[in-house]
Amino acid sequence: MAEQNKEIVLSGIRATGNLHLGNYYGALRKFVAVQDDYDCNFFIADLHALTTNPDPAQLHANVKSILAEYLAAGLDPEKSTIFVQSDVPEIAEMYLLLNMHVGIGELMRTTSFKDKARKALGITPSADNDSDEAFEKEIIGAATNKRVNAGLLTYPTLMAVDILIQKATKVPVGKDQLQHLELTRRFARRFNSFYGVELFPEPSDFNFGGAPVKVPGLDGSGKMGKSEGNCIYLIDDPKVLRKKVMRAVTDEGPQAPDSPLSEPIANLFTLLELTSTPEVVKHFRDAYADCSIRYGDLKKQLAEDILAVTTPIRERINDILADEAYLSRVVKMGAERARERAANTLSEMRHIMGIRKF
Ligand code: ADP
Ligand code: TRP
């Protein structure tokens, strides 16, 4: 429950699909772990999802499923403020106000914007177009249609508003979001110094004391991610999940005792370390070292251990999704709490900027 003397933690996940093991170990499980010690605020970023123009029915379904997944994984609406971004209209108004202090140049140089704009326009980065100047020319030249919308450009403003409107100081996010957090700090400093106020505290990233986790995919390289198409979802039923794990990429097996692990095998061990007991991990490590390992056995074990984590969550997701009344109670309560602080910040901001009532 929000308490004044606790530090304010805030984080959100975009409403773009079901949550996977990467989201669970990288974000959600940590959200659950800090609920008792901080003033926690977790939301579903549906306005951010609009930057990629989702189908309206799909957007609503995604908001609902992430909400159910948050709750099923252990976020407690009595302890944390759980809300939907668009239920807090103060965010939209502050986004307009803050944009008056944000430069289009700095937005165009943001890595996530460059990536998304290039993707929308089908441009691959090359040595020729990698400099900021070349990119700006290219985008302004190519983006005369709506494929690169203004919302995509101002994505960092909206994210800064999510954080600053709640005056959050601790923001648990993955590595890919650190640049957005740096911009948030810059916008906060700039606003404070332009008006000579101390309105916004500067937020920092937050790993809850542990090292950041990167959950790998099953395709042999890189991280598990929605756009990589290599995910194990919390909602996957046992048949689907077992099939995905059994199909994971491997190699031809260790050729000599104590060989180094190839990337696909190291990835399987990373997943095993997250979900299995130390004894199981040791058993397979020893088997790899003495060349007796059978990848089929490792995968079977891994699938069962992942299922032991996901099955109770999946069952709760399905129960929670069926309880519309509960879901709507949770978001109403969350919106009420989130709006209280948001309304205060917005009214201070309006006053500071000279917007006064007659
Ligand atoms: P995706 O990459 O699947 O689109 P998001 O970018 O929406 O996922 O990430 C939501 C949260 O989950 C972020 O805090 C992000 O850091 C975390 N996350 C996503 N994928 C992974 C992963 N493979 N390992 C660890 N954390 C992850
Ligand atoms: N941009 C974040 C992502 O893609 C989601 C997000 C939106 C967020 N607003 C936020 C995260 C505020 C932390 C704080 O994952």
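Residues numbered from 1 in each chain as written. Chains lettered and ligands numbered in written order. Predicted model: local features only at pLDDT ≥ 70, side-chain atom pairs only at ≥ 80, totals over all residues. Heavy atoms only, no water.

K.L.:
Even after reading the chapter, I still don't get the site of ligand 1, so can you show me in this structure?
P.N.:
With respect to spatial proximity, 14 residues lie near ligand 1, and among them His20, Val215, Lys223, Met224 and Lys226 are the closest. Contacts to ligand 1 include valine 215, whose backbone N or O atom sits 2.8 Å from a nitrogen atom. A distance of 2.8 Å separates a nitrogen atom of ligand 1 from a polar backbone atom of methionine 224. When the free accessible area of ligand 1 is taken as 540 Å², the share hidden by the protein chains comes to 89%. The biggest single contributor to the shell around ligand 1 is helix H1 (residues 21-33), with 4 residues. Among the residues forming the shell around ligand 1, the class breakdown is 4 nonpolar, 6 polar and 4 charged. (Near = heavy atom within 4 Å. Polar contact = N/O pair within 3.5 Å; in protein donor to acceptor, adjacent residues only side chain to side chain. Areas by Shrake-Rupley, 256 points an atom, 1.4 Å probe, with all protein chains shown as cover. Helix = DSSP H or I, 4+ residues; strand = E, 2+ residues; numbered from the N terminus. Nonpolar A, V, L, I, M, F, W, Y, C, P; charged D, E, K, R; others polar.)

K.L.:
What am I meant to see in the site of ligand 2 here?
P.N.:
The immediate surroundings of ligand 2 are formed by 13 residues, with Arg14, Tyr155, Met159, Asp162 and Gln177 found nearest. Note that an oxygen atom of ligand 2 is positioned 3.1 Å from one of the side-chain N or O atoms of arginine 14. One nitrogen or oxygen atom from the side chain of glutamine 177 is found 2.9 Å from a nitrogen atom belonging to ligand 2. Protein coverage of the free-state accessible area of ligand 2, which is 370 Å², stands at 91%. Considering only residue class, the shell around ligand 2 consists of 7 nonpolar, 4 polar and 2 charged.

K.L.:
Could you clarify how one ought to interpret the pairing of strand E1 (residues 8-14) in this entry?
P.N.:
Of all the 7 residues making up E1, 5 are buried; the element is thus mostly covered by neighbouring parts of the structure. Read from E1 through H1 to strand E2 (residues 39-45), the crossover connection turns out right-handed. (Buried < 20%, exposed > 50% of the residue type's maximum accessible area, 1.4 Å probe, protein only. Right-handed = clockwise from strand over helix to strand, strands pointing away.)

K.L.:
What is the right way to read the nonpolar core from this model?
P.N.:
Here is a general trend for soluble globular proteins: nonpolar side chains tend to be buried in one another's company. Judged by nonpolar contacts, the single largest core of 62 residues is most densely connected at Leu21 and Tyr70. If you tally residues by element for this core, the top one is helix H14 (residues 295-322), at 10 residues. Here tyrosine 70 is in contact with Gly12, Ile13, Leu19, Leu28, Phe31, Phe42, Phe43, Ile44, Leu75 and Ile82, once residues within four sequence places are set aside. Core analysis: the second largest hydrophobic core is formed by 43 residues, Leu98, Leu158, Ala160 and Leu164 among them. (Core = buried A, V, L, I, M, F, W, Y, C linked by side-chain atoms within 4.5 Å. Contact = heavy atoms within 4.5 Å.)

K.L.:
Even after reading the chapter, I still don't get the packing of helix H9 (residues 155-165) against helix H10 (residues 178-195), so can you show me in this structure?
P.N.:
Packed helix pairs are specified by the crossing angle of their axes together with the interaxial distance, meaning the distance between the axes. The contact between H9 and H10 brings their axes to 9 Å, and the two run at 70°. With respect to each other, H9 and H10 are oriented roughly perpendicular. Seen from H9, the contacting residues are Tyr155, Pro156, Thr157, Met159, Ala160, Ile163 and Leu164; seen from H10, they are His180, Leu181, Leu183, Thr184, Phe187 and Ala188. A breakdown of the residues in the contact of H9 with H10 according to their chemical character gives 10 nonpolar, 3 polar and no charged. (Axes fitted to C-alpha atoms, helices over the stretch in contact; angles between N-to-C directions. Parallel < 35°, antiparallel > 145°, perpendicular 65-115°, else oblique.)

K.L.:
Honestly, the pairing of E2 in this entry has me stumped. Any pointers?
P.N.:
Note on strand geometry: in a regular strand, side chains alternate between the two faces of the sheet. Burial analysis of E2 places 7 of its 7 residues in the buried class, the great majority of the element. Along E2, one buried face is formed by Asp39, Asn41, Phe43 and Ala45 and the opposite face, lined by Cys40, Phe42 and Ile44, is buried too. Across 7 bridges, E1 lies against E2 in parallel orientation. Residue pairing in the sheet places isoleucine 13 in a bridge with isoleucine 44 of E2. Of the strand pairs in this sheet, E2 and strand E3 (residues 81-84) are connected by 4 bridges, and their pairing is parallel. (Pairing = 2+ DSSP bridges.)

Without other data, these values stay purely geometric and don't point to any function.
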